Amino acid sequence: MPASEAGAPAGGAPVIVIPALNAAATLPAVLRRLREVLPATPVVVVDDGSDDATSAVAKDHGAFVVWLTLTEGKGRALAAGVRVALARGASTVVTMDAD
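Heads up: these notes are all about the structure in this document. The structure presented is a predicted model; accordingly, all values stated were derived computationally and were not measured.

Describing the overall build of the chain
Each helix and strand counted, the chain has 4 helices and 4 strands in total. In the chain, the order of α-helices and β-strands from amino to carboxyl end is α-β-α-β-α-β-α-β. For the chain, the proportion of its 99 residues judged to be buried stands at 40%. Contacts in the chain between residues far apart in sequence, at least 24 positions, make up 70% of those at least 6 positions apart.

Some words on the nonpolar core
In terms of nonpolar packing, the biggest core is built from 15 residues, with Ile18, Leu27, Leu31, Leu34, Val43 and Val45 touching the most fellow members. For this core, the secondary-structure elements that each account for two or more residues are strand 1 (14-20), helix 2 (27-37), strand 2 (43-48) and helix 3 (54-60). With 4 residues, the single largest contributor to this core is helix 2. Once residues lying within four places of it in the same chain are set aside, the contact partners of Leu31 are Ile18, Val43, Val45, Val57, Ala58 and His61. Val46, Val66, Val84 and Ala85 belong to the second-largest nonpolar core, a separate cluster that totals 11 residues.

Here's the deal with the pattern of salt bridges
Throughout the structure, instances matching the rule amount to 2 salt bridges. The partner of Glu36 in a salt bridge is Arg33, and the shortest N-O contact between them spans 3.0 Å. Of this pair, Glu36 and Arg33 are both found in helix 2, 3 residues apart, which corresponds to roughly one turn of the helix. In this structure, Glu36 and Arg33 share a single accessibility class: exposed. Put simply, Asp97 and Lys74 hold a salt bridge, and the shortest N to O gap is 2.8 Å. Taken together, the positions of Asp97 in the segment after strand 4 (92-95) and Lys74 in helix 4 (residues 74-87) put the pair 23 residues apart, joining distant regions of the chain. Overall, Asp97 belongs to the partly exposed group, its relative accessible area being 40%.

Criteria and thresholds
- Residues numbered from 1 in each chain as written.
- Predicted model: local features only at pLDDT ≥ 70, side-chain atom pairs only at ≥ 80, totals over all residues.
- Heavy atoms only, no water.
- Helix = DSSP H or I, 4+ residues; strand = E, 2+ residues; numbered from the N terminus.
- Buried < 20%, exposed > 50% of the residue type's maximum accessible area, 1.4 Å probe, protein only.
- Contact = heavy atoms within 4.5 Å.
- Core = buried A, V, L, I, M, F, W, Y, C linked by side-chain atoms within 4.5 Å.
- Salt bridge = Lys/Arg side-chain N within 4 Å of Asp/Glu carboxyl O.

Listed below in structure tokens is the structure:
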């Protein structure tokens, strides 16, 4: 699996972390645009307990998905995403919204 799909950057590259709650409708456009502008940058989407297809949409668009079983809020979702990005070797973490 390529590093961008696995959320594992090669050589300490930057990683984009997106916390998302019920973002299945808005996430596809965000992820498509990211792939256009930053095609090699790994993306981690943290699904903050969504009850829609947020996780599936993120995965279908090549993002690594962290799924929180309960809604914990944007701050905890961001913290979880940053932990995952750093554990996977990110040199820099960039956060952005799912819309």
